[in-house]
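Structural features, examined
Each chain, letter by letter, is given below.
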Amino acid sequence: MASSRRRFLELGALAGVGGVASASGIGAARRDHGTGGNGNGEEPAVTVTARQEPGKAVYWVLPGSRPLSPFVFGTAENTLRGTDLLQLRIEQASSLPSPLDEAVAQLLAELPFLVAAPDEAREPIEESDGISQQVLTEPTLYSNNAEVTSGSFEISYRDYRPYDLPGAPGDTPDRIDLETQFTDPAGNEYVLEHDHVVQPPIPGYQTGGGVFTDGFLHGITGTGSPLFPRVYTYGASWGVGNVHVNGELATDDGMRVIHFMTTQTVRDERYRMALDEEMPLEPENTIAGQIHHTHGVVLPIKPTPDGPVYAPVPTAFELPNGETQPFIHAMWEQDTLVEGPFADWEYPGGDGQQEGDGGGAADVQADYRLLADASGWRGVAPEAIAETENPTLTLEAGTEYALI
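Note that this is a predicted model, so its numbers are computed, not measured. (Residues numbered from 1 in each chain as written. Predicted model: local features only at pLDDT ≥ 70, side-chain atom pairs only at ≥ 80, totals over all residues. Heavy atoms only, no water.)

Remarks on the overall build of the chain
Condition: Under the scheme used here, helices are H or I runs from DSSP no shorter than 4 residues and strands are E runs no shorter than 2 residues, and both carry numbers assigned from the N terminus. Buried means the residue's accessible area, taken with a 1.4 Å probe over protein chains only, is under 20% of the maximum for its type, while exposed means over 50%, and partly exposed covers the values in between. Residue burial considers only the protein chains on display, and all accessible areas are found by Shrake-Rupley using a 1.4 Å probe.
Across its full length, the chain holds four helices and 20 strands. Per-residue burial for the chain yields a buried fraction of 52% across its 404 residues. Working note: accessible area of the chain is about 17,800 Å², and carbon and sulfur atoms make up 48% of it.

Some words on the nonpolar core
Most often, soluble globular proteins keep nonpolar side chains buried together rather than apart. Filter applied, for reference: To qualify as a nonpolar core, a set must consist of buried Ala, Val, Leu, Ile, Met, Phe, Trp, Tyr and Cys residues joined through side-chain atoms within 4.5 Å. Two residues qualify as a contact provided that any one of their heavy atoms is within 4.5 Å of a heavy atom in the partner residue.
Membership of the largest hydrophobic core comes to 45 residues, with the highest contact counts inside it found for Leu108, Leu114, Val115, Leu136, Leu227 and Ile301. Every element with two or more residues in this core is listed here: helix H2 (70–73), helix H3 (83–93), helix H4 (100–110), strand E10 (211–217), strand E11 (231–245), strand E13 (256–264) and strand E14 (292–299). Looking at which element gives the most residues to this core, the answer is H4, with five residues. If near-sequence neighbours (up to four positions away) are discounted, Leu227 is found in contact with Arg66, Leu68, Phe73, Phe113, Ala117, Leu136, Thr140, Tyr142 and Met273.

Quick look at the pattern of salt bridges
It is possible for side chains of opposite charge to pair when their charged atoms get near one another. Keep this limit in mind: In what follows, salt bridge is the name for a side-chain nitrogen of Lys or Arg lying within 4 Å of a carboxyl oxygen of Asp or Glu.
Under the criterion given, the structure shown has seven salt bridges. Residue Asp268 is joined to Arg272 by a salt bridge in which the shortest nitrogen-to-oxygen separation is 3.0 Å. Judged by relative accessible area, which is 4%, Asp268 ranks as buried. We note a salt bridge from Glu278 to Arg272, for which the minimum N-O separation is 3.2 Å. Under the relative-accessibility criterion, Arg272 is labelled partly exposed at 23%. Residues participating in the shared-partner salt-bridge network are Asp268, Arg270, Arg272 and Glu278.

Right, dumping it as structure tokens:
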């Protein structure tokens, strides 16, 4: 496994390197980069900065299928986060203020993987010797297929407000500074021009004002596609901006949604994306031997005066079917955390602790452990409440208990 990881890193060295906006945000002079604050002189409550210099491992993720976590998606007999959840989210979107109601509902119908894995897009895995019992056959940006490319980046997530508020998606004080350039497998060069942060009006999403720091996203959290594992996130942002390809503006028909995340590592030594049951990955089992990496995604979503619409990203990379790839998913595997919560944190090894467990919670001996799920609380320990939904906790007066 170590030799496989070294091979990927050597290739990288040789190579050299869901949100929407309201109409008022389109073309407005609200670019985050270089603003130096939120416009009123206040300092952000939290700043997380990550970077990666040229010459380190970068990957371009290709479209492909995705094995499904039974914990997140259930089984063929007991489906979770499938067609029923998708229909619920579409109904909830229909309650948004006009014109977002029709636009977001239509967007979810066209891009269901923002919130669910529809039952009809799944197939059973015959004679599986792994965790997955089903696979999502439709190609998405969460595949195990990727090619080594090149690039560099630096991002500062500036978190002024740790919660979402009603209003226009672009009405938030949160900001990011972003500089990035990278290539696709064919050598085409990309530059992202970030315009401003938004709060994605996707039902169920809680994005902390559009910049999210020091918490968990994806998986069972309800924020971000559940196809991505539940992951500790140092910093994340949702925004809109332009894409430049080979020195030319590619998004002259309108900006696209840009999503960045600096998270615990989810790619193993084979570059396979881990399932929820396999997280967290120990450093020696990751592609670059480190605990964190950064993802940069440009989604096929375009803001319009009437709300978000599906619109493929105009990349220059041609797929085997003759079409150009409709999204961008670049991953920087040897990033450095320059600033932020737990920036100096190190993986403790085999002592039972897990990255991002929130200030030492993992080393507390708990009398009861609960796991949050969409439908309520599910008992984890002790055995008497295991797998019980919203279990009754029997307590004795005057006794102290640890609840996680």
